[in-house]
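Residue-level structural notes
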Amino acid sequence: MTAPLLIQHQAPVCLELDIDLEIPIPCDHQRTADLITALSKQALEAMPDGGDLMITACQSDTGLELEIADSGTDATKRERHLPIAAAAINAELQWQNCPQGGVAVTIVFPSQSSRSRLAA
């Protein structure tokens, strides 16, 4: 999903993925892919001269957290759009500046038990 974006980008970007394939995604896979694509586009727009893009995921007590971090401009100097896909899958987005530069956006997916309560 990010490969075409990296190929089209005007400058070189190093992509690092750290995602355990055994972690279950607690919502619609296509909408999750749409969200990752939208946030990756925003990260690449903040790196016109290239840089680093890292996508990581971990399971926590509160649910799945997926982070997209980049070496682009800080959060105050870039547009941060809330993709409709985030609302569609009930995910919370948290932006923060990284100490080494750039920005990380964390996608917090609700736990399975939270999704069950929402459906009730």
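Numbers given for residues are sequential positions, taken from 1 along each chain in its written order. The predicted nature of this model means local features are confined to residues of pLDDT at least 70 and side-chain atom pairs, given and counted, to a pLDDT of 80 or more, with totals for whole chains, interfaces and linings taken over all residues. Side-chain metrics rest on all non-hydrogen atoms present in the structure, leaving aside hydrogens and water.

Turning to the pairing of strand β4 (residues 92-97), a few remarks are in order. Where β4 meets strand β5 (residues 103-108), six bridges bridge the pair, whose relative direction is antiparallel. Along β5, the bridge assignment pairs Glu92 with Val108. Two strands pair if DSSP finds at least two bridges between them. Each helix corresponds to a stretch of at least 4 residues labelled H or I by DSSP, and each strand to a stretch of at least 2 residues labelled E; elements are numbered beginning at the N terminus. In sequence, β4 turns back onto β5 through a hairpin of five residues, with Gly101 there showing a positive phi of about 110 degrees.

One can find Val108 in strand β5. Think of it in three bands: with a 1.4 Å probe and only protein chains considered, a residue is buried below 20% of the maximum accessible area for its type, exposed above 50%, and partly exposed in between. The buried category is assigned to Val108, whose relative accessible area is 15%. Here the alpha-carbon distance between Val108 and Leu44, two residues 64 residues apart in the chain, equals 21 Å. Setting aside its immediate chain neighbours within four residues, Val108 contacts Leu64, Glu65, Asn90, Ala91, Glu92 and Gln94. Note on contacts: a residue pair is in contact if any heavy atoms of the two residues lie within 4.5 Å.

With phi around 60 degrees, Asn90 is a residue other than glycine that occupies positive phi space. Residue classification places Asn90 among the partly exposed positions, given a relative accessible area of 40%.

In short, the description is geometric, and any link to function would need to be established separately.
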